[in-house]
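The residues making up each chain are set out below.
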Amino acid sequence: MDGELVLQNYKAKDNDFFEVPTLELARNLLGCLLVKNTDEGVAAGYIVETEAYIGPGDRAAHSYGGRRTKRTEIMYHEAGLAYVYQMHTHCLVNVVSGKIDAPEAILIRAIEPYHGIELMKTRRQMEHSIQLTNGPGKLTKALGIGMEDYGHSFMEPPLLIADGFVPDAYAVEQGKRIGIENTGEAKDYPWRFWIKDNPYVSKRLKK
């Protein structure tokens with residue numbers, strides 16, 4: 001089926017969804033669908049894990065101390081845009097949050113495959129397993145998200161955050177973020193959110 005026709009089945013989130021405090025948005029993203037359309041087709045998955053980064057006071061944030069570079073520039077813009085950056089050989093995708101000139105963002109850490117699973121398997125060169133999308137670099141490769149998506153709005157094709165499901169309050173867990181050990185007190189901020197018992201969550205740590 002043509003990608004544009006498939007995208008008509010998804011209802012993108014609007015400005016009101018994104019224009020809330022960053023920690024609230026990080027939680028609200030759980031259960032939403034992350035959707036990407038490419039020439040190869042449409043792939044989508046439910047967001048099951050997020051991490052909030054609230055700079056410039058957050059030592060783990062790329063915008064810590066008001067750092068403003070070519071890479072971080074989009075974080076200073078309006079909420080609902082894609083902040084994509086490269087780490088080693090992987091691209092990671094974040095949702096810009098907060099207000100203009102308040103550089104905050106939410107990393108999408110893991111998704112549960114929903115649509116285009118065969119395409120995801122081809123891109124990842126593997127069979128379907130939790131390893132397909134259980135990490136921030138894995139999910140971008142599976143969905144076909146790359147640096148060309150930097151600055152794109154999540155409210156319009158080809159990259160969408162769309163309606164999915166709303167997890168029950170008891171099914172959402174919160175704890176420390178991952179891989180930021182050298183950030184002082186920031187390493188202990190409980191700004192990671194995930195859906196309890198979902199197998200695609202990247203890593204389970206004690207709260």
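These numbers were taken from a predicted model, which means no experiment stands behind them.

Parameters at a glance
- Residues numbered from 1 in each chain as written.
- Predicted model: local features only at pLDDT ≥ 70, side-chain atom pairs only at ≥ 80, totals over all residues.
- Heavy atoms only, no water.
- Buried < 20%, exposed > 50% of the residue type's maximum accessible area, 1.4 Å probe, protein only.
- Helix = DSSP H or I, 4+ residues; strand = E, 2+ residues; numbered from the N terminus.
- Contact = heavy atoms within 4.5 Å.
- Salt bridge = Lys/Arg side-chain N within 4 Å of Asp/Glu carboxyl O.
- Patch = residues over 30% accessible without salt bridge, like charges linked within 9 Å, V, L, I, M, F, W, Y side chains within 5 Å.
- Areas by Shrake-Rupley, 256 points an atom, 1.4 Å probe, with all protein chains shown as cover.
- Lys, Arg positive; Asp, Glu negative; His and termini not counted.
- Charge placed at Lys NZ, Arg CZ, Asp CG, Glu CD.
- Polar contact = N/O pair within 3.5 Å; in protein donor to acceptor, adjacent residues only side chain to side chain.
- 1 Å grid on protein atoms, 1.4 Å probe; cavity = no way out; pocket = protein on both sides within 12 Å on 5 of 7 lines; lining within 4 Å.
- Points joined across faces, edges and corners; volume = space filled by probe spheres on them.
- Nonpolar A, V, L, I, M, F, W, Y, C, P; charged D, E, K, R; others polar.
- Phe/Tyr/Trp six-rings, centres within 6.5 Å; stacked < 30°, edge-to-face > 60°.
- Lys NZ or Arg CZ within 6 Å of the ring centre and 35° of its normal.

**Q** Provide a residue-level description of helix H4 (residues 117–124), including the pertinent values.
**A** For H4, the complete set of buried residues consists of Leu 119, Met 120, Lys 121, Arg 123 and Arg 124. Against strand E1 (33–38), strand E2 (41–54), strand E5 (104–115) and helix H5 (136–143) lie the buried residues of H4. One or two residues past the end of H4 sits Gln 125, with phi positive at roughly 55°.

**Q** Tell me about the pattern of salt bridges, and please be specific about residues and values.
**A** A side chain of one charge can pair with a side chain of the opposite charge if their charged atoms are brought near each other. Summed over the entire model, instances satisfying the criterion amount to 14 salt bridges. Residue Arg 109 pairs with Glu 49 through a salt bridge whose shortest N-O separation is 3.3 Å. You can see Arg 109 sitting in strand E5 and its partner Glu 49 sitting in strand E2, a full 60 residues away along the chain. The buried category is assigned to Glu 49, whose relative accessible area is 0%. One salt bridge in this structure joins Lys 121 and Glu 118, with 3.1 Å as the shortest N-O distance. Pair noted here: Lys 121 and Glu 118 are both in helix H4, with a separation of three residues, about one helical turn. In this structure Lys 121 comes out as buried when scored by relative accessible area, which is 15%. Overlapping salt bridges, with partners in common, bring together Glu 49, Glu 51, Arg 109 and Arg 192 in one network.

**Q** Lay out a negative patch on the surface with the relevant residues and their values.
**A** Where like charges cluster on the molecular surface, the negative patch consists of Asp 14, Asp 16, Glu 19 and Glu 78. Mapped onto the elements, Glu 19 comes out in the loop between helix H2 (15–18) and helix H3 (22–28). Among the residues examined, Glu 19 registers a relative accessible area of 54% and is labelled exposed.

**Q** Mind laying out the side chain of Arg 192, listing which residues take part and the relevant values?
**A** The topology assignment puts Arg 192 in strand E9 (residues 192–195). A distance of 3.0 Å separates a polar atom in the side chain of Arg 192 from the backbone oxygen of Lys 176.

**Q** I'd like a description of the layout of surface pockets, backed by residues and values.
**A** When its volume is computed, the largest pocket comes out at roughly 470 Å³. Surrounding the largest pocket, 25 residues form its lining, Tyr 53, Tyr 85, Met 87, Leu 92 and Leu 107 being those nearest its centre. Elements that contribute at least two residues to the lining of the largest pocket include exactly E2, strand E3 (82–87), strand E4 (90–97), E5 and H5. When grouped by side-chain class, the residues that make up the lining of the largest pocket number 13 nonpolar, eight polar and four charged.

**Q** Report on the packing of aromatic side chains, specifying residues and quantitative values.
**A** By convention here, two paired aromatic rings are described through the distance between centres and the angle between planes. Under the criterion given, the structure shown has six aromatic pairs. Between Phe 17 and Phe 18 the ring centres are 5.1 Å apart and the planes differ by 90°, which places this aromatic pair in the edge-to-face class. Neither residue differs from the other here; Phe 17 and Phe 18 are each classed as buried. Here Tyr 83 and Tyr 85 contribute two aromatic rings whose centre-to-centre distance is 5.3 Å and whose plane-to-plane angle is 35°, an arrangement assigned as tilted. Each member of the pair Tyr 83 and Tyr 85 is classed as buried. Put simply, the rings of Tyr 46, Tyr 114 and Phe 165 touch in pairs and so form one group of aromatic residues. The ring of Tyr 76 carries the charged tip of Arg 68 above its face, separated from the ring centre by 4.3 Å. In this structure, Arg 192 is placed above the aromatic ring of Trp 194, and the distance from its NZ or CZ to the ring centre is 4.0 Å.

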